[in-house]
Amino acid sequence: MTELAVTTWAARAAGLDIDGRPFIDGARRELGRPGRPTTSPIDGRALATLGACGAADVDTAVAAARRAFPAWSGVSAEARKHVLLRLADLMAEHADELALLETLDSGKPIAQTTTVDVPGAIATLRWYAEAIDKIAGELPSVPPGATAQVTREPLGVVAAIVPWNFPLEIAMWKLAPALASGNAVVLKPAEQTSLSVLRVADLAVRAGLPDGVLNVVTGSGREVGAALAGHMDVDALAFTGSTAVSRTLLEASGRSNLKRLSLEAGGKSSNIIFADTADLAQAADKAAFGAFYNQGQVCSANSRILVQREVHDEFLALLREAATAYEPADPLAGLDGNGALISSGHADDVAAWIERGRADGTVLFGGGRRTIAGSDAYLEPTLIGGLAPDHALHREEVFGPVAVLQPFDTEEEAVAMANDTEYGLAASVWTADLARAHRVAAALVAGTVSVNTVDALGNSTPFGGFKQSGFGRDLSLHAFDNYTAPKTTWFQFG
Ligand code: NAD
């Protein structure tokens, strides 16, 4: 990126006038009470005042969605496709602005929000818009004298609650299939990162999305999220976030109206490197990506690296080198590498994990904290080894740029170590032995197993977990299962 481009990003950031009011029933709304200031983890600058919605605002948004649902679900799939494709075009026209909002709000480098987060969200929106008028129902086999059809029906009002690590992309993983299949949505972004999706809601008006079909309610999880989870008129709730909050959502559904849930929760994913890996340097590059990309704040981060003992030392040297690509830098400078963690407070928590690792094992590289532009929300990519197998760092999600390294001897031992977790979101395997690749992939309990790569993901493949990583799948045609239900209509004529 040129020096001019760098100056431009900083100048554009300074010139932004950001609206933090919630979007309900087709417009931004004044709540008539003080909002909450939101600041950037990059340098602590004030960004906007976020509307502090309460239960009454959630009621208003749900009622608007309920009113909008019959008309939106009643138009043809092709008509919905055209509105959503227009929204995708508008997002592409505003891509720089959306990327800047995402960077300022989350601390991600602008080099990534411009190339990954915003284009990724647009691609997901286009994928579902294009899919929706190509899906057919079923004509099942029934006895003579009858015919039956199975159609996919939208559920009604869908709530979506999303986290701060990929604010726009994960919001779009929910919004795109829910809207395409004819539902009306009330989305609650994370309180740390509400700005980009609020802007998308503004653009949705220009795209022709009818009022009430998309609402964005800002505010705290305990108030706004809980109000959605316990709401009697929300038909389904799609969630991405922690396992702890997932449990409260299940309880709230049971106590209220049995709204159906899809839960993408936490993870502690393993990356297994066998000694027969064809290209150990490539495996190390990808392992660094798997552990440290997005400041390690990735639910499917490959934060447990298991390496066969004969190549342990060689691999460690390669990984140390590869990790230098994830050194923190000013997120607005246009550089690759890492930006700020979501907040200084979260960096404190991650730094405490590093100190625990230092006390009980060995920091193999990294471990330091950095201050950039007056913010101390930056951490070096860090690898810890020498921990007891049952150490908390092997089992609990750190959600920062911290990985653990464990040697293993046999294939059976590697599989047992990888599966020894309450989570089951993802796993990676590196080997040149085709039979071993199949054996190990089959034995791993994970929603996605990547072979000779890490963290493989695409719009066409389902993403989600086994065990306490949750249930339901984002992405692919399977995501429609979260937002539709099969309906049988049986015609008896004989
Ligand atoms: P979080 O669970 O604290 O918050 C997620 C969302 O839930 C936020 O919008 C928050 O406001 C809301 N929330 C908080 N308390 C709530 C409550 N009581 N009722 C309803 N809503 C509530 O998670 P986080 O800290 O924002 O994100 C990190 C977590 O998300 C990690 O555990 C990570 O693994 C997980 N995650 C999972 C996936 C996946 O696809 N499996 C993807 C990204 C992140």
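Calculation rules
- Counting restarts for each chain: residues are numbered from 1 in the order of the written sequence.
- Only residues with pLDDT of at least 70 are given local features in this predicted model, and only at 80 or more are side-chain atom pairs given and counted; all residues enter the totals for whole chains, interfaces and linings.
- As a convention, hydrogens and water are excluded, and side-chain values are obtained from all of the structure's heavy atoms.
- Going along the chain from the N terminus, every DSSP run of H or I of four or more residues is numbered as a helix, and every run of E of two or more is numbered as a strand.
- C-alpha atoms define the radius of gyration, and 2.2 Å times the number of residues to the power 0.38 defines the globule rule.
- In what follows, a contact means two residues having at least one pair of non-hydrogen atoms within 4.5 Å.
- Domain limits in this description derive from either an automatic procedure or a database domain assignment.
- Put simply, buried area is the surface a 1.4 Å probe can reach on two separate parts but cannot reach once they are joined, added for both.
- What qualifies as a polar contact is a pair of N or O atoms within 3.5 Å, subject to a donor-acceptor requirement within protein and to the restriction that residues adjacent in sequence count only when both atoms come from side chains.
- Only Asp, Glu, Lys and Arg are considered charged, only Ala, Val, Leu, Ile, Met, Phe, Trp, Tyr, Cys and Pro nonpolar, and every remaining residue, Gly among them, polar.
- The criterion for an aromatic pair is that two Phe, Tyr or Trp rings (for Trp, the six-membered ring) have centres within 6.5 Å, with stacked assigned to planes under 30 degrees apart, edge-to-face to planes over 60 apart and tilted to the rest.
- To sort residues, take the accessible area from a 1.4 Å probe on protein chains only and compare it with the maximum for the residue type: under 20% means buried, over 50% means exposed, and anything in between is partly exposed.
- Any residue with a heavy atom positioned within 4 Å of a molecule or strand is treated as near that molecule or strand.
- In short, Shrake-Rupley with a 1.4 Å probe defines the accessible areas, and a residue's cover is counted only from the protein chains shown.
- Side-chain atoms within 4.5 Å are what join buried Ala, Val, Leu, Ile, Met, Phe, Trp, Tyr and Cys residues into a set we call a nonpolar core.
- The term salt bridge refers to a side-chain nitrogen of Lys or Arg lying within 4 Å of a carboxyl oxygen of Asp or Glu.
- A fitted line through C-alpha atoms represents every axis, and for helices the fit uses only the stretch in contact; the resulting angles, taken between N-to-C directions, go from 0 to 180 degrees.
- For classification, angles of less than 35 degrees are called roughly parallel, those exceeding 145 degrees roughly antiparallel, those between 65 and 115 degrees roughly perpendicular, and all remaining angles oblique.
- Helix crossings get a hand from a simple test, with the near helix turned counterclockwise from the far one by less than a right angle marking a left-handed crossing and a clockwise turn marking a right-handed one.
- The pairing criterion for strands is at least two bridges between them, as found by DSSP.

## A look at the overall build of the protein chain
Then, in step 1: A tally of helices and strands in the protein chain yields 16 helices and 23 strands.
Then, in step 2: Since a compact globule built from 494 residues should have a radius of gyration of about 23 Å, the 23 Å found for the protein chain is in line with a globular shape.
Then, in step 3: Projected onto its principal axes, the C-alpha positions of the protein chain cover 70 × 65 × 45 Å.
Then, in step 4: Long-range contacts, defined as pairs at least 24 residues apart, comprise 75% of the intrachain contacts of the protein chain with a sequence gap of at least 6.

## Regarding the domain arrangement of the protein chain
Then, in step 1: Structurally, the protein chain comprises domain 1 (3–265 + 470–488) and domain 2 (270–458).
Then, in step 2: Placing the centre of domain 1 and that of domain 2 at their C-alpha centroids yields a distance of 30 Å.
Then, in step 3: Every contact between the two is made by 31 residues of domain 1 and, on the other side, 32 residues of domain 2.
Then, in step 4: In total, domain 1 and domain 2 occlude about 2,200 Å² of area from one another, counting both sides; carbon and sulfur atoms represent 62% of this.
Then, in step 5: For the pair domain 1 and domain 2, the interface holds eight residue pairs in polar contact (both at pLDDT 80 or more).
Then, in step 6: Taken together, the elements giving at least two residues each to the side of domain 1 that touches domain 2 come down to helix 1 (3–15), helix 4 (95–106) and helix 5 (110–132).
Then, in step 7: Here the side of domain 1 that touches domain 2 takes five residues from helix 4, the largest share from any one element.
Then, in step 8: Of the residues in the side of domain 1 that touches domain 2, the class split is 17 nonpolar, eight polar and six charged.

## A short note on the environment of Ala 121
Then, in step 1: Within the element layout of this structure, Ala 121 appears in helix 5.
Then, in step 2: Along the primary structure Ala 121 and Ala 92 are separated by 29 residues, whereas in three dimensions their C-alpha atoms are 9.9 Å apart.
Then, in step 3: Excluding its chain neighbours within four sequence positions, the residues that come into contact with Ala 121 are Met 91, Leu 168, Glu 169 and Met 172.

## Comments concerning the packing of aromatic side chains
Aromatic rings in a pair are described by how distant their centres are and how their planes are angled relative to each other.
Then, in step 1: Enumeration over the complete set of coordinates arrives at eight aromatic pairs.
Then, in step 2: The interplanar angle of 65° and the centroid separation of 5.5 Å between the aromatic rings of Trp 173 and Phe 463 together place this pair among those described as edge-to-face. Taken together, the positions of Trp 173 in helix 6 (residues 167–180) and Phe 463 in the loop between strand 20 (448–451) and strand 21 (466–467) put the pair 290 residues apart, joining distant regions of the chain. The residues Trp 173 and Phe 463 share a single accessibility class, namely buried.
Then, in step 3: Note on Phe 274 and Phe 408: the rings are 5.3 Å apart at their centroids and 80° apart in plane angle, and the pair reads as edge-to-face. Placement of the pair is Phe 274 in the loop between strand 11 (270–273) and helix 10 (280–292) and Phe 408 in strand 17 (residues 402–408), with a sequence separation of 134 residues.
Then, in step 4: Residue classification places Phe 274 among the buried positions, given a relative accessible area of 0%.
Then, in step 5: A residue is classified by how much of its surface remains accessible, and Phe 408, at 0% relative accessible area, is buried.

## Here we look at unusual backbone geometry
Then, in step 1: The backbone of Asn 294 sits at a positive phi, close to 60°, despite the residue not being glycine.
Then, in step 2: Of note, Leu 475 is a non-glycine position whose phi angle comes to about 65°, a positive value.

## Here's the deal with the site of the ligand
Then, in step 1: Close to the ligand lie 28 residues, the nearest being Val 162, Glu 191, Ser 242, Ala 265 and Glu 397.
Then, in step 2: Trp 164 places a side-chain nitrogen or oxygen 3.1 Å from an oxygen atom of the ligand.
Then, in step 3: Interatomic distance of 3.0 Å between a side-chain N/O atom of Lys 188 and an oxygen atom of the ligand.
Then, in step 4: For the ligand, the protein covers 87% of the area, taking 840 Å² as the surface of the free molecule.
Then, in step 5: Elements with a contribution of two residues or more to the shell around the ligand: helix 8 (221–229), strand 9 (236–240) and helix 9 (243–255).
Then, in step 6: The residue inventory of the shell around the ligand, partitioned by class, reads 16 nonpolar, eight polar and four charged.

## Some thoughts on the nonpolar core
Then, in step 1: Grouped together as the largest cluster of nonpolar side chains are 101 residues, with contacts concentrated most on Met 91, Leu 187, Ile 305 and Phe 315.
Then, in step 2: Taken together, domain 1 (3–265 + 470–488) and domain 2 (270–458) each give at least three residues to this core, which thus spans both.
Then, in step 3: Residues within four places of Met 91 in sequence aside, it is in contact with Leu 98, Ala 121, Ile 122, Leu 125, Leu 168, Met 172, Val 200 and Leu 203.

## Thoughts on the pattern of salt bridges
Then, in step 1: For the coordinates displayed, the defined rule picks out 31 salt bridges.
Then, in step 2: A salt bridge links Arg 369 to Asp 348; the nearest nitrogen and oxygen atoms lie 2.7 Å apart. On the criterion of sequence distance, the pair formed by Arg 369 in strand 14 (residues 369–372) and Asp 348 in helix 12 (residues 344–360) is long-range, its members being 21 residues apart.
Then, in step 3: With a relative accessible area of 40%, Asp 348 lands in the partly exposed category.
Then, in step 4: Between Arg 358 and Glu 355 there is a salt bridge, with its nearest N and O atoms 3.0 Å apart.

## Brief notes about the environment of Ser 181
Then, in step 1: Of note, Ser 181 is situated in the loop between helix 6 and strand 7 (184–188).
Then, in step 2: Setting aside anything within four residues of it in sequence, one finds Ser 181 in contact with Arg 80, Ile 132, Pro 154, Phe 480, Tyr 483 and Thr 484.
Then, in step 3: At 3.2 Å, the side chain of Ser 181 and the side chain of Asn 183 are in polar contact.

## Side note on the packing of helix 10 against helix 11 (residues 312–323)
Then, in step 1: Here helix 10 crosses helix 11 at 55°, and the two axes come no closer than 8 Å. The orientation of helix 10 relative to helix 11 falls into the category oblique. Crossing hand, helix 10 versus helix 11: right-handed. Note on element contacts: helix 11 touches helix 10 through Glu 314, Phe 315, Leu 318, Leu 319, Ala 322 and Ala 323, opposite Leu 280, Ala 281, Ala 283, Ala 284, Asp 285, Ala 287, Ala 288 and Phe 292.
Then, in step 2: Residue classes in the contact of helix 10 with helix 11 are distributed as twelve nonpolar, no polar and two charged.

## Let's talk about the side chain of Asn 183
Then, in step 1: Tracing the sequence through the fold places Asn 183 in the loop between helix 6 and strand 7.
Then, in step 2: Look past the residues within four positions of Asn 183 in its chain and what remains in contact with it is Phe 69, Trp 72, Pro 154, Leu 155, Gly 156, Val 158, Ala 178, Val 213 and Tyr 483.

## Re the sheet that holds strand 11
Then, in step 1: Taken together, seven strands build an open sheet; the order of strands is 13-16-17-12-11-19-20 and the sheet is mixed. A single partner strand is all that each edge strand has here, and the edge strands are strand 13 (362–365) and strand 20. The average undirected angle you get between the axes of adjacent strands in this sheet is 25°.
Then, in step 2: Sheet topology note: the strand 13/strand 16 (residues 382–385) ladder contains three bridges and is antiparallel. Residue Phe 365 lies in a different strand from strand 16, and its bridge partner there is Leu 383.

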